[in-house]
Each structure stands twice: as structure tokens, then as C-alpha cells.
Amino acid sequence: MSSVLKSKATPWWLSGPALLLFTALLLVPLALTAVLSFNVYDPATGPKSGEFTLAHYALVFSDSYYLGIFWRTFWVSALVTLICVLVGAPEAYLLSRMRNPWRSVLLLVVLAPLLVSVVVRAFGWSMLLGPEGAVNGLLGLLGIGPVKILYTSTAVVIALVHVMLPFMVIPVWTSLQKLDPGVENAALSLNATPFTTLRRIVLPQVMPGILSGSLIVFGLAASSFAIPGLLGGRRLKMVATIVYDEYLSELNWPLGAAVALVLLVANLVVMLSYNRLVEGRYKKALG
């Protein structure tokens, strides 16, 4: 009996340190943030420990200012995710069909943005998209412009796509590595067109990679701070910049915590719903 109990307890002992670290670094700060979000805030003295209210959540859900910022955050994140799927999935497919050394070169090009700080990339895009930047210079040669791109949603979307694209390419490429080329060849030998083979053979099998990449890109884009802050300016707010402002400018920590938790919950709802929808269609496609 004791050996059976030991064998059952062994996984818990082995995973214990990781669970402890997870609890200390994620669950405890999250719980403290949740408690802080309910604290009463006094502009003169700050958060009042032991006094609780729902006023911060009521403000977030009733004020059109905050609702507009949440709406902007989610449509920008959804657009970034869609563009990353449309660009990243074909790019991963081409990458999987290449031979060395071109595969290694293209893989390095895909991963290169991850080697540079997000802040540096944001400053680079601000110089490219500015009134005197290279993009407006090129548009001027074509007889267009100058066009206001910097400090608009367009600038934020462009920079976020650049930053998030590797997180789409790598999961799709990993899924394609598991795909047997013989299956495609068999479909082609049975007179299936390349488009039909791609749609009915390749796409259903790489759907898990597209799903994983979409969830990663959407989650990171919705919680992104540096790019919206630097390329969106002070007027084009997103949720992460609002949280920053509430914590460090307004010093209203409870409201900042409430906004952050609403973003977290909304992110989870959107991602879980999307996961369920795509997984259902994936299972239906594979029978």
C-alpha cells in the first residue's frame, strides 16, 4: 500500500517546485491585484486598505471613454491577428518547402525581429512613418502625400504585425513539419488540383498551428504597451496605456487594477471562444 501511495505522490513531489513558483509569481500577484481593484480610492490619501467598492468596475463598464478604448484594443488586435494569419501561414508553407541554405536564411529573417528590443523597433517605425520618414518620402515620389500615418491606428497595426509575425510563422511551420508530403502527392496523383490539395489536405492539418499562433498573437497584441504608447501617441489610447496612466500618472491604482483585470478576463473569453470555434471546425473537417 505504501509503495502505491508513493508512486501516486511522486508526480506531485516532482511538480511541486514548479507549482510553487507558479503560485508565487503569478497567482499571488494576480490575487493581490484583484483585491486592490476593489479598494476605495481617495484622491488625497490613495487606496484605502480594508474599504471596498465596486465603483471602479462600474466606471469601466458604464463610461463610453473606457468602452471605446476596449473596442479599439480588440479590433486592432483582431486585425493584427488576421493579417498575421494571411501573411504568416503562406510564409510558413513556403519555408517548409524550401531547401537549405535558403530555408535557414528565411528562418533567420523571420526570427530576426525577436532579437531586437520592441522599443527599438517602435522607434524605428516612428522614423519610417513620420512626416519626414521614408514612407512619406516614397509616397511623395509617387505624387501622394504627405500622409499622416504616425500616431494613428494604421501605424500601430503595421508595427504590431511586424512584431507579432514570428509568433504566427513558427507554430504553423511546426505543424507543417508533421505533415507527410506523401499525402499531398497521393492527392495530386488522384487528379486533385493544387488548390484542392491545399484546402482539403494541408489546411486542416495545419489548423492547430494557425489556432496556436492566432491565440498568441491576439493575446500579445491586446496587452501590448510599448508600440501603442510610442506609435499611438497620447490621443490614441489602448488598454495597456490606460493601465499605465492610471498607475503612474493619476496614481489611481484600484482603477488601474480594475482595467487590467477586465482586460485579462475579456482576453480569456475571446481566446477561449475562438479556440472552441476553430477546434470544433477542425474536428469536423477531420471527421
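Definitions and cut-offs
Residues numbered from 1 in each chain as written. Predicted model: local features only at pLDDT ≥ 70, side-chain atom pairs only at ≥ 80, totals over all residues. Heavy atoms only, no water. Helix = DSSP H or I, 4+ residues; strand = E, 2+ residues; numbered from the N terminus. Rg over C-alpha atoms; globule rule 2.2 N^0.38 Å. Buried < 20%, exposed > 50% of the residue type's maximum accessible area, 1.4 Å probe, protein only. Contact = heavy atoms within 4.5 Å. Areas by Shrake-Rupley, 256 points an atom, 1.4 Å probe, with all protein chains shown as cover. Lys, Arg positive; Asp, Glu negative; His and termini not counted. Charge placed at Lys NZ, Arg CZ, Asp CG, Glu CD. Salt bridge = Lys/Arg side-chain N within 4 Å of Asp/Glu carboxyl O. Core = buried A, V, L, I, M, F, W, Y, C linked by side-chain atoms within 4.5 Å. Expected span 1.5 Å × (residues − 1). Bend = angle between axes of the 7 residues up to and from the residue. Phe/Tyr/Trp six-rings, centres within 6.5 Å; stacked < 30°, edge-to-face > 60°. Patch = residues over 30% accessible without salt bridge, like charges linked within 9 Å, V, L, I, M, F, W, Y side chains within 5 Å. Polar contact = N/O pair within 3.5 Å; in protein donor to acceptor, adjacent residues only side chain to side chain.

**Student:** Lay out the overall build of the chain with the relevant residues and their values.
**Tutor:** A tally of regular secondary structure across the chain gives twelve helices and two strands. The secondary structure elements of the chain, listed N-terminal to C-terminal, are α-β-β-α-α-α-α-α-α-α-α-α-α-α. Since a compact globule built from 287 residues should have a radius of gyration of about 19 Å, the 24 Å found for the chain marks it as more spread out than a globular shape. For the chain, the spread of C-alpha atoms along the three principal axes comes to 85 × 75 × 35 Å. Per-residue burial over the chain gives 36% buried out of 287 residues. Within the chain, residue pairs in contact and separated by at least 24 positions form 68% of the contacts whose partners lie at least 6 positions apart. Split by element, the accessible area of the chain, about 17,200 Å² in all, is 71% carbon and sulfur. Each charge sign in the chain was given a centre, from 19 positive and 11 negative side chains, and these centres are 14 Å apart.

**Student:** Now, about the pattern of salt bridges: what can you tell me, with residues and values included?
**Tutor:** In total, this model carries two salt bridges according to the counting rule given. When the shortest N-O distance is used, the salt bridge between Lys48 and Asp42 registers 3.7 Å. The shortest N-O distance in the salt bridge between Lys237 and Asp245 comes to 2.4 Å. Taken as a pair, Lys237 and Asp245 share a single burial class, namely buried.

**Student:** So what about the nonpolar core? Which residues, and what values?
**Tutor:** Core analysis: the biggest nonpolar cluster contains 38 residues, and Val80, Cys84, Val156, Leu160, Ile227 and Leu231 have the highest contact counts within it. The set of elements that each furnish at least two residues to this core consists of helix H3 (64-97), helix H4 (102-111), helix H5 (118-129), helix H7 (153-177), helix H9 (194-222) and helix H10 (226-231). In terms of residue count, H7 provides more of this core than any other element does, 14 residues in total. Filtering out sequence-adjacent residues up to four positions away, Leu160 remains in contact with Val76, Val80, Ala221, Ser224 and Ile227. Tyr57, Phe218, Ile242 and Leu261 belong to the second largest nonpolar core, which has 17 residues in total.

**Student:** Please provide a residue-by-residue account of H9, values included.
**Tutor:** Its 29 residues give H9 an end-to-end C-alpha distance of only 36 Å, which falls more than 12% under 42 Å, the value for a rise of 1.5 Å per residue. Along H9, the largest kink reaches about 50° and is centred on Leu203; proline Pro204 follows within four residues of it.

**Student:** Would you mind going over the packing of aromatic side chains in detail, with residue names and values included?
**Tutor:** A full pass over the atoms with the stated rule returns six aromatic pairs. Members of the aromatic cluster, connected to one another through ring pairs, are Phe70, Phe74 and Phe218.

**Student:** With reference to specific residues and values, describe a nonpolar patch on the surface.
**Tutor:** A cluster of nonpolar side chains, contributed by Leu30, Leu264, Val265, Leu268, Val269 and Leu272, occupies part of the molecular surface with about 510 Å² of accessible area. At five residues, the largest contribution of residues to the nonpolar patch is made by helix H12 (residues 253-286). Along the polypeptide, Leu264 turns up in helix H12.

**Student:** Quick rundown of the side chain of Ser37? Include the residues and the values.
**Tutor:** Checked against the element boundaries, Ser37 lands in helix H1 (residues 2-37). At 2.7 Å, the side chain of Ser37 forms a polar contact with the side chain of Tyr57. Apart from the residues within four sequence positions on either side, Ser37 is in contact with Thr53, His56, Tyr57, Pro254, Ala257, Ala258 and Leu261.

**Student:** So what about unusual backbone geometry? Which residues, and what values?
**Tutor:** Excluding glycine, most residues fall at negative phi; most peptide bonds, likewise, are trans. The phi torsion at Tyr151 lies on the positive side, around 65°, for a residue other than glycine. You can see Tyr151 is positioned in the loop between helix H6 (134-141) and H7. Although it is not a glycine, Leu251 adopts a positive phi angle of roughly 60°. Its location among the elements puts Leu251 in the loop between helix H11 (239-249) and H12.

**Student:** Explain the environment of Ala159 to me, using residue names and the numbers behind them.
**Tutor:** Take Ala159: it is sitting in helix H7. Taking the C-alpha atoms as reference points, Ala159 and Ser223, separated by 64 residues in sequence, lie 14 Å from one another. Other than its neighbours up to four places away in sequence, Ala159 contacts Trp125, Ile227 and Leu231.

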